[in-house]
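Observations on the model geometry
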Amino acid sequence: MIDHIIPYGHQFISDEDVEAVVAVLKSDYMTQGPRIGEFERQFADYLGCKYACMVSNGTAALHLCAMALDIRPGDKVITTPITFVASANGFRYCGAEIVFCDIDARTFLMDLNKLEEILKASPKGSYKAVVPVDFAGYPIDEEKLRKLADEYGFAIVVDACHAPGGSFIDSKGEKQMVGNCKYADLTCFSFHPVKHIATGEGGAVTTNRKDLFEKVSLFRTHGITKDPALLERNDGGWYYEMQELGYNYRITEMQAALGMTQLSRLDWSVRRRNEIAMRYDEAFKGTEVKTPFRQDNVVHAFHLYVIQVEADKRKGLYDYLRANKVYSQVLYIPAHLMPYYRQFGWKAGDMPVAEEYYAKCLALPMFPTLTDEEQNWVIECVKEGLK
Ligand SMILES: *Cc1c(COP(=O)(O)O)cnc(C)c1O
């Protein structure tokens, strides 16, 4: 019997993390100092992309991508219903019409065959952006998406909030890190404490396109620039220009310092998460629990470990686990069924695969400091709870 709550996700803060934050507090800059740029450089180098822009959270990252792509009211943007609502909201802020595309029954990611059907049904250029989500940490097939983007003319914004440290092998046999933007135009990350890198609040946009990077950076800080190359005139050292209506979506120096020490443990975190996943896979072999889909050419980042059980047993299992201090979670309630999105005409039955997924899914505790003893307890409770 375990006597404490086991959550579905939890941050890990080391002594090194604490020291890094304290050092910032004793320095001259709490925000707009040198650490933000350092974190951006380290993150971009880790992923293998040209540019990273650190922002205040993952939702701001998505909104900034929409702004950089000049999304306007009525522009159509496609995303998946099995995601946190921010994937859609970031584009709604710019007035986009959100079109949901149903998921693949194996991976629970946007079904790219269904996406192609949607694209085919309208003239080319009808959709401004497609926003797939690397749900649970499983990378979307970005290469296939690139082919569709080139054919139908849309921008790819990957919501990779679940997948830093994930990767896939492309058709040329080359390893591609999620977020390197080899195939995507932009990629978004979140540093919320349940995610791999925890800075309290925080997020990032990555890209290889200088034009998009410059726009994201400008919109992050009020649309204000001091860059002499971009100014319309220059009155002197104090002079800056507000060139666009931007926001204050900055990250702080404390968060950037924490992000760097957290980033140094990302590979370890993904390895440990995969170990935990393998132990769950083994434990549920031959039971009625359906475990997550795996494929050899993919490194799953395992933000979540989502099982599927019969729909009529799911609530009972959730309640049983809770009574035994295992705080599993149902992720996600399909976005198209949220009252806000239903007002645009979306309804039950529109996304049959996503809706069936939602009826059966349960995310079990998955975080790198989960002990074997805690995991054994989770496994025992799942098996008991299904009886
Ligand atoms: C966490 C998350 C976000 C939003 O990130 P915040 O940092 O909480 O704003 C967006 N999309 C997905 C898929 C997420 O999991």
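Residues numbered from 1 in each chain as written. Predicted model: local features only at pLDDT ≥ 70, side-chain atom pairs only at ≥ 80, totals over all residues. Heavy atoms only, no water.

In terms of helices and strands, the protein carries 13 helices and 14 strands. For the protein, whose C-alpha radius of gyration is 21 Å, the value lies close to the compact-globule estimate of 21 Å for 387 residues. Residues counted as buried form 57% of the 387 residues belonging to the protein. For the protein, contacts bridging at least 24 residues in sequence account for 73% of all contacts bridging at least 6. Just so you have it, the protein exposes about 16800 Å², and 52% of that area is on carbon and sulfur atoms. Between the averaged position of the 44 positive side-chain charges in the protein and that of its 53 negative side-chain charges there is a distance of 2 Å. (Helix = DSSP H or I, 4+ residues; strand = E, 2+ residues; numbered from the N terminus. Rg over C-alpha atoms; globule rule 2.2 N^0.38 Å. Buried < 20%, exposed > 50% of the residue type's maximum accessible area, 1.4 Å probe, protein only. Contact = heavy atoms within 4.5 Å. Areas by Shrake-Rupley, 256 points an atom, 1.4 Å probe, with all protein chains shown as cover. Lys, Arg positive; Asp, Glu negative; His and termini not counted. Charge placed at Lys NZ, Arg CZ, Asp CG, Glu CD.)

To continue, consider empty space enclosed by the protein. If a probe as big as a water molecule is rolled over the atoms, it shows which places are left empty. Under the counting rule described, the total for this entry stands at 2 cavities of 30 Å³ or more. Of the pockets and cavities examined, the largest cavity occupies roughly 110 Å³. Arg106, Thr107, Phe108, Phe135, Ala136, Tyr138, Pro292, Phe293, His300, Phe302, Leu304 and Val306 together form the lining of the largest cavity. When its residues are assigned to classes, the lining of the largest cavity shows 9 nonpolar, 2 polar and 1 charged. The two domains that each donate at least three residues to the lining of the largest cavity are domain 1 (15-263) and domain 2 (266-385). Volume-wise, the second largest cavity comes out at about 90 Å³. If you trace the second largest cavity, you find 13 residues lining it, with Phe12, His196, Gln262, Ser269 and Pro368 closest to the centre. Looking at the lining of the second largest cavity element by element, the count peaks at 4 residues for helix H9 (residues 266-283). Of the residues in the lining of the second largest cavity, the class split is 5 nonpolar, 5 polar and 3 charged. (1 Å grid on protein atoms, 1.4 Å probe; cavity = no way out; pocket = protein on both sides within 12 Å on 5 of 7 lines; lining within 4 Å. Points joined across faces, edges and corners; volume = space filled by probe spheres on them. Nonpolar A, V, L, I, M, F, W, Y, C, P; charged D, E, K, R; others polar. Domains from an automatic or database assignment.)

Turning our eyes to something else, we now look at the pairing of strand S2 (residues 76-79). Two elements, S2 and strand S3 (residues 97-100), share 4 bridges in a ladder whose sense is parallel. In the strand pairing of S3, Val77 is matched with Ile98. One crossover worth recording links S2 to the parallel S3 by way of helix H4 (residues 86-92), and it is right-handed. The pairing of S2 with strand S4 (residues 127-131) spans 4 bridges and is parallel. Its bridge partner lying in S4, Ile78 is registered against Val130. (Pairing = 2+ DSSP bridges. Right-handed = clockwise from strand over helix to strand, strands pointing away.)

Turning next to the layout of surface pockets. Of the pockets and cavities examined, the largest pocket occupies roughly 570 Å³. Taken together, 21 residues line the largest pocket, and the ones lying closest to its centre are Ser217, Leu218, Arg220, Ile224 and Thr225. Listed by contribution, the elements that provide at least two residues to the lining of the largest pocket are helix H2 (34-47), helix H7 (210-220) and strand S10 (224-225). The element that contributes the greatest number of residues to the lining of the largest pocket is H7, accounting for 6 residues. Within the lining of the largest pocket, the residues separate by chemical class into 7 nonpolar, 7 polar and 7 charged. By volume, the second largest pocket amounts to about 460 Å³. Secondary structure elements with two or more residues in the lining of the second largest pocket: helix H5 (112-120), helix H6 (142-152) and strand S6 (167-169). Examining the composition of the lining of the second largest pocket, we find that 3 residues originate from one element, H6, more than from any other.

Each domain of the protein was delimited in the assignment, giving domain 1 (15-263) and domain 2 (266-385). Once you take the C-alpha centre of each, domain 1 and domain 2 turn out to be 25 Å apart. On the domain 2 side, the residues contacting the 40 residues of domain 1 number 34 residues. Where domain 1 abuts domain 2, roughly 3100 Å² becomes buried across the two surfaces, and 66% of that area is made up of carbon and sulfur atoms. Its largest share of buried area at the contact with domain 2, domain 1 owes to Phe100, Tyr138 and His196, together 21% of the area lost on that side. Where domain 1 touches domain 2, the interface holds 0 salt bridges. The tally of links between domain 1 and domain 2 comes to 16 residue pairs in polar contact (both at pLDDT 80 or more). Listing elements by their share of the side of domain 1 that touches domain 2, those giving two or more residues are H4, S3, S6 and helix H8 (253-263). (Buried area = accessible area lost by both parts, 1.4 Å probe. Salt bridge = Lys/Arg side-chain N within 4 Å of Asp/Glu carboxyl O. Polar contact = N/O pair within 3.5 Å; in protein donor to acceptor, adjacent residues only side chain to side chain.)

Another aspect to go through is the site of the ligand. The environment of the ligand is formed by 16 residues, the closest being Gly58, Thr59, Asp159, Ser190 and Lys195. Asn57 places a side-chain nitrogen or oxygen 3.5 Å from an oxygen atom of the ligand. Between Tyr332 and the ligand, the recorded distance is 3.4 Å, taken from a side-chain N or O atom to an oxygen atom. Contact with the protein chains covers 93% of the free accessible surface of the ligand, which is 380 Å². Counting residues per element, the ones that place at least two in the shell around the ligand are helix H3 (58-68) and H4. Top contributing element to the shell around the ligand by residue count: H3, with 3 residues. Here the residues of the shell around the ligand are counted per class, giving 6 nonpolar, 8 polar and 2 charged. (Near = heavy atom within 4 Å.)

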